[in-house]
Amino acid sequence: MLQQNLILFLIFLPFAGAIAAATLSVHAHNAAAWLSGAVLIAGLMILAVLYPEIEQGRVLRSVVTWVPSLRLNLNFRIDGFAWLFVTLVLGIGVLVVIYARYYLSKNDPVPRFYCFLLAFTGAMVGMLVSGNIIMLVVFWELTSVISFMLIGYWNHNPAARDGARMALIVTATGGICLLASMLLLGQIVGSYDLDRVLSSGEMIRAHPLYLPVLALFLIGAFTKSAQFPFHFWLPNAMAAPTPVSAFLHSATMVKAGVFLLVRFSPALGGTEAWFFAVTGTGMATLIIGAVIALFRHDLKGLLAYSTISHLGLITALAGIGSTGAIVAAIFHIANHAVFKASLFMAAGIIDHESGTRDMRRLSGLIRLMPVTGTLAIVAAAAMAGVPLLNGFLSKEMFFAEAASWHNGSWLDDALPYLATFASIFAVAYSLRFIMTVFFGPAPTDLPKTPHEPTPWMRRPVELLVLTCLVVGILPGVTLGPVLNMAARSVLGPDTPYFSIAVWHGFNTPMIMSLIAIVLGSGLYFLLAKQIAAGPEGPPFLHRIRAQRIFERLLLAFSWKWPRDLHRLFGTERLQPQLRLIVVLSFAAVSLTLWRGLTLLQKPDLPSFDLAFAIMWAIGCACAIGAAWQAKYHRFASLALLGGAGVVTCLTFAWFSAPDLAVTQLLVEVVTTVLLLLGLRWLPKRREEIAADKLSPARTRRIADLVIASISGFGIASIAYVVMTRPLIPNIGDWFLRNAYYEGGGTNVVNVILVDFRAFDTFGEISVLAVVAITVYALLRRFRPGAESAGMPAEQLGEAAEALKDYLVVPSVIMQWMFPAMIVMSAYLFFRGHDLPGGGFSAGVTLAIALLLQYLAANVRWVESHIVILPIRWMGLGLLISGGTGIGAWLFGYPFLTAHAQYLNLPLIGKVPAATALLFDIGVYALVVGATVLMLIAIAHQSLRSARLRAQDEALPETEAE
Amino acid sequence: MEIVLSTAIGILAASGIWLLLRPRTFQVIVGLCLLSYAVNLFIFSMGRLTVGAPPIMAKGGFVNPTAYADPLPQALVLTAIVISFATTALFLVVMIASRGMTGTDHVDGQEREQ
């Protein structure tokens, strides 16, 4: 149990530390560093506690159930390989924290830095110890995202932003590929458990999907480890602060890719495809990185390409996959992390103290900073592979594998030569680093005068260089056991013990090393002058920059192609869009129903009613007339629209739907009034629009007529085909059977709305409320069109006199009708549960009653006599409906469960008293409020524009005075 | 009856769609109203046409579902009527607001370039 919790602590402690660091003050340099250091050291202590168990070859696990239905658990496992890697991450992390404390300036916001650093450590550790491959990808992507934050830490610097973005795009794209490959792997193996996947190598390699899985997997690993051709993001990420580079781009993030290659080599490796893809890419990267590194002038650029090259070396070893190769790969992961971190830190010190990283300006620094210089020289020698240093040992092992391992392919035959070739360049660029920066004449014209840094800034470098020496001289005692433990956990417990010695005799690898050192030195001294004078990058090749290709692609993908697509398919104009929607819907429906739409052999044709046909002849004429007149004769069109609406309403009544008929009629009234109010604000259209007679407009109209006719015909056919089929028993029968017993009402439609499907109705009245408030809000800032702003012509001049007594008789009737309509509304409401009616139609009725008062008298008179607060009605309605629903909770029922019974009231008799009735009161109040609010908001525009007009007229007069 | 109603639905829909594709906002709003009649009738007709049997039953006793019109499409259409009223109102307001802001009643917010 303790072990399990310790493993969980190991992962979550850095995240907790990250949150704590984020809360610190911006200037808390020391506190943030102490906190981060303490967290990382606590992690190292946990690792020390776990070591005895792991050393015996055990795998420690900790499982937290997360989404069991998806077989997704927080499943952590730590074995020898993971242990070594986590130790490396945390160990270098501690040194980076110490270094960063002195590197970052007083003005940098430190909590952010340490927060991301710790979060990154947590993500990295999580990735290393994940026992579930999906979890592994999650942590993997987390490292990509947080590295984006870290690279872009100096976000005022455009290079940092670009570098961060590029790193994120490349590594996150790789992450998506990795996710796809892990999902496929999980499907092949039948489990997302890492152990199951690793032990199912045979099954995976024999599966037809092996190659796609391998390709996706390798893209993921190669992007992260900056393998050719995805290497270009790493040099651009050098815009990060140097501690970040030392941590991410030497020891941790870029090593995640090679970690994955080594980890999954038992599952995916051992095939020809694996060897060619992995070793081939690795060797290509090794050579390209080494060659480019020699020609870089920027100190960190040289180190970045050198890192790429070394990662290529590790990748090539993982591709070879023999026992010796895996041991060498793990060994080199550790060695490279140590010497490259120290070199990055040394480069950072040089940059920090001299103000430049350009090797053409730096020179003779050994005199000014002897200690740092010595340390950097030793580390660079380790990078070059000089004997008695750790880099030499793993490079020797690589040479040995390249020379001795054979599978008979051409790539295998070429390996020793390629390795030696790359090594020559490695020696040359290491030598260049040493010679140009530390030797030669004293530097002139540097931004700052270099001197030794504060001792504590140098301590991490000292410790790392010391490690290089100790491991290089006593490999068997220091790293040997841990290395074998790690190799055993990857390759299985039967792996023979692999002893590492400094001296193997005068053998092939030794000869290769010597050739590299001699030729490399010669190469540098021969080319030193030309390199310094040349461009940033190798001759000829510097013109082909992967970065530029990436930027072109990015531009094409994110800017050019979308715009082209937009130009081709998009339009900012509504008319073509609507046409596209209609045509597409027609196509979609036709495609679905193609050949499915068949008539029955003998449709059961019912009686034909002449009256009904005549009614619809009128209705159709109205509809066509409305369409015909809508452009130039809006009022006529509106009247004809009303005609079509009335016929629709009669149809509902005809076919046993009294509720619909009532509602449709009432809504028809309100809609018509609404549109009439809107007409006032539209531009006058007396003369024909000139363009209407031109041929483009004609063509458009004819095309639209065709589209409309075909669509209308299609809809009519579907309707006919469905209507002539017998009705299959459906859920409607259930509603009919249970409306009275369950809902306590005999009007089934009303019971469905307020009881069975009350939640839908609740949503619907909410929509109504939202619309009403939107209408109100839109109209508050409304400014009418210029020519609608004045008084309408009908109200001016002589006509105005005639209008004085306009509608006198009707208005008296309307005012007298007010109480009658209120009673009517109440009647409709109360009978709703049993007979046609209900909250909605009753509400619209009351709204119409109020509306008639507005029509009968002027607005001011109405509002001084009746207090209408539509927003309160709406709020009250929502509260009552919602409250009724919530009330059901009090009795332990789900939201909106209704209760029904009948009450015997004196004089009135039996009255339905279902809670649904209460709900219906809410609907009623809301409908009244919403309808009135909308109508009044539009009607008030006349008042407002009159007020604005008065203001405008008043203004010039006051100015004149 | 069925042939009359389906023809009517077709004509309402065709008029509505034709108007929907027209350039003036008022045409579009009338088109939407016509289209909503067509759609409401279409949904309603999915419950088949029954004359003289509204889904209002006696209190208690055995209920024979075949003796009544299908209440489900009716409930759906009732909701649809309310929502189409709301959208019409909203569209009307957007229409007159856009008219005030752009100075034209063209749906694109600007007159077509000649």
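About the cut-offs
- Residues numbered from 1 in each chain as written.
- Chains lettered and ligands numbered in written order.
- Predicted model: local features only at pLDDT ≥ 70, side-chain atom pairs only at ≥ 80, totals over all residues.
- Heavy atoms only, no water.
- Helix = DSSP H or I, 4+ residues; strand = E, 2+ residues; numbered from the N terminus.
- Rg over C-alpha atoms; globule rule 2.2 N^0.38 Å.
- Contact = heavy atoms within 4.5 Å.
- Buried area = accessible area lost by both parts, 1.4 Å probe.
- Salt bridge = Lys/Arg side-chain N within 4 Å of Asp/Glu carboxyl O.
- Polar contact = N/O pair within 3.5 Å; in protein donor to acceptor, adjacent residues only side chain to side chain.
- Nonpolar A, V, L, I, M, F, W, Y, C, P; charged D, E, K, R; others polar.
- UniProt positions renumbered as here; feature names shortened; annotations may be inferred.
- Phe/Tyr/Trp six-rings, centres within 6.5 Å; stacked < 30°, edge-to-face > 60°.
- Buried < 20%, exposed > 50% of the residue type's maximum accessible area, 1.4 Å probe, protein only.
- Lys NZ or Arg CZ within 6 Å of the ring centre and 35° of its normal.
- Axes fitted to C-alpha atoms, helices over the stretch in contact; angles between N-to-C directions.
- Parallel < 35°, antiparallel > 145°, perpendicular 65-115°, else oblique.
- Domains from an automatic or database assignment.
- Expected span 1.5 Å × (residues − 1).
- Bend = angle between axes of the 7 residues up to and from the residue.
- Core = buried A, V, L, I, M, F, W, Y, C linked by side-chain atoms within 4.5 Å.

### A few points about the overall build of chain B
Reasoning step 1: Each helix and strand in chain B was counted, giving three helices and zero strands.
Reasoning step 2: Mapped in sequence order, the helices and strands of chain B form the string α-α-α.
Reasoning step 3: The C-alpha atoms of chain B give a radius of gyration of 19 Å, which is well past the 13 Å a tight globule of 114 residues would have.
Reasoning step 4: C-alpha atoms of chain B, sized along the principal axes, occupy 70 × 30 × 15 Å.

### Let's talk about the interface of chain A and chain B
Reasoning step 1: The interface is formed by 110 residues belonging to chain A together with 85 residues belonging to chain B.
Reasoning step 2: Carbon and sulfur atoms supply 77% of the area that chain A and chain B bury against each other, a total of about 8,900 Å² over both sides.
Reasoning step 3: The largest per-residue losses of area from chain A upon contact with chain B belong to Phe655, Met723 and Leu736 of chain A, which jointly make up 8% of the total buried on that side.
Reasoning step 4: Scanning the region where chain A abuts chain B turns up two salt bridges.
Reasoning step 5: The shortest N-O distance in the salt bridge between Arg634 of chain A and Asp105 of chain B comes to 3.5 Å.
Reasoning step 6: Taken together, the connections running from chain A to chain B amount to 15 residue pairs in polar contact (both at pLDDT 80 or more).
Reasoning step 7: When its residues are assigned to classes, the side of chain A that touches chain B shows 69 nonpolar, 23 polar and 18 charged.

### Some remarks on the UniProt feature "domain: MrpA C-terminal/MbhD" (unreviewed entry) in chain A
Reasoning step 1: Sequence positions flagged by UniProt for "domain: MrpA C-terminal/MbhD" (unreviewed entry) are, in local numbering, residues 620–684 of chain A.
Reasoning step 2: As a span, residues 620–684 of chain A carries 82% helix and 0% strand, and end to end its C-alpha atoms are 28 Å apart.

### Observations concerning the packing of aromatic side chains
Reasoning step 1: Going through the model one piece at a time under the given rule, you end up with 29 aromatic pairs over all chains.
Reasoning step 2: Between Phe433 of chain A and Phe438 of chain A the ring centres are 6.2 Å apart and the planes differ by 85 degrees, which places this aromatic pair in the edge-to-face class.
Reasoning step 3: The class of Phe433 of chain A is buried, set by a relative accessible area of 0%.
Reasoning step 4: Ring centres 5.6 Å apart and planes at 75 degrees place the aromatic pair Trp734 of chain A and Phe735 of chain A in the edge-to-face group.
Reasoning step 5: Linked through ring pairs, Tyr99, Tyr103, Phe113, Tyr114, Tyr153 and Trp154 of chain A together constitute an aromatic cluster.
Reasoning step 6: The lysine or arginine in question, Arg459 of chain A, covers the ring of Trp456 of chain A, its NZ or CZ lying 5.7 Å from the ring centre.
Reasoning step 7: Looking at Arg22 of chain B, its charged tip hangs above the ring of Trp18 of chain B, at a distance of 4.6 Å from the centre.

### Thoughts on the packing of helix α16 (residues 370–384) of chain A against helix α17 (residues 390–404) of chain A
Two measures define how a pair of helices packs: the angle their axes make with one another and the distance between the axes.
All names here are of chain A.
Reasoning step 1: Two numbers describe how α16 lies on α17: the axes approach to 6 Å, and their chain directions differ by 5 degrees. The angle between α16 and α17 places the two elements in the roughly parallel class. For the pair α16 and α17, contact is made by Ala382, Met383 and Ala384 and by Asn390, Gly391, Phe392 and Lys395, respectively.

### Description of the pattern of salt bridges
Residues and elements named next belong to chain A.
Reasoning step 1: Applying the stated criterion across every chain, the model contains 20 salt bridges over all chains.
Reasoning step 2: Asp298 is the partner of Arg357 in a salt bridge, and the nearest nitrogen-oxygen pair spans 3.0 Å. With Arg357 in the loop between α15 (323–354) and α16 and Asp298 in the loop between α13 (272–294) and α14 (299–320), the pair connects residues that are 59 residues apart, well separated along the chain.
Reasoning step 3: One continuous salt-bridge network, built from bridges that share partners, spans Arg61, Arg77, Asp79, Asp195 and Arg263.

### A short note on the domain arrangement of chain A
Reasoning step 1: Segmenting chain A into domains produces domain 1 (270–539) and domain 2 (746–793 + 806–961).
Reasoning step 2: The C-alpha-based centres of domain 1 of chain A and domain 2 of chain A are spaced at 81 Å.

### Quick look at the UniProt feature "transmembrane region" (unreviewed entry) in chain B
Residues and elements named next belong to chain B.
Reasoning step 1: Residues given the UniProt feature "transmembrane region" (unreviewed entry) here are residues 6–21, 28–47 and 75–97.
Reasoning step 2: Along residues 28–47, the helical share is 90% and the strand share 0%, with 29 Å between the first and last C-alpha atoms.
Reasoning step 3: When the span residues 75–97 is considered, its composition is 100% helix and 0% strand, and the gap between its end C-alpha atoms is 34 Å.

### Description of helix α23 (residues 546–569) of chain A
Residues lying three or four places apart along an α-helix face the same way, a consequence of the helix completing one turn every 3.6 residues.
All names here are of chain A.
Reasoning step 1: If you check α23, its first and last C-alpha atoms are 32 Å apart, about what 24 residues at 1.5 Å a residue would give, namely 34 Å.
Reasoning step 2: Approximately 45 degrees is the largest bend angle found in α23, and it occurs at Ala556.
Reasoning step 3: Looking at α23, one finds that the buried residues are Gln547, Phe550, Leu554 and Ala556.
Reasoning step 4: At its buried positions, α23 is contacted by α6 (158–189) and α10 (233–236).

### Focus on the nonpolar core
Reasoning step 1: Core analysis: the biggest nonpolar cluster contains 206 residues, and Ile78, Phe217, Trp233, Phe264, Leu268 and Ile330 of chain A have the highest contact counts within it.
Reasoning step 2: At 20 residues, α15 of chain A tops the list of elements feeding residues into this core.
Reasoning step 3: Once you skip the residues sitting within four places of it in the chain, Trp233 of chain A turns out to touch Met166, Ala167, Val170, Thr171, Thr223, Lys224, Ala226, His249, Met253 and Val254 of chain A.
Reasoning step 4: The next biggest cluster of nonpolar side chains, apart from the first, holds 131 residues, and it includes Phe756 of chain A together with Ile9, Ala13 and Leu21 of chain B.

### Comments concerning unusual backbone geometry
All names here are of chain A.
Reasoning step 1: Backbone torsion omega between Phe228 and Pro229 reads 0 degrees, so that peptide bond is classified as cis.
Reasoning step 2: The topology assignment puts Pro229 in the loop between α9 (210–224) and α10.
Reasoning step 3: A positive phi angle, near 55 degrees, is found at Ala226, a position not held by glycine.
Reasoning step 4: For Ala226, the location among the structural elements is in the loop between α9 and α10.
Reasoning step 5: We note that Ser656 has phi near 60 degrees; this positive angle belongs to a residue other than glycine.
Reasoning step 6: Locating Ser656 in the fold gives a position in the loop between α26 (634–654) and α27 (658–679).
Reasoning step 7: The exposure class assigned to Ser656 is buried, which follows from its relative accessible area of 3%.

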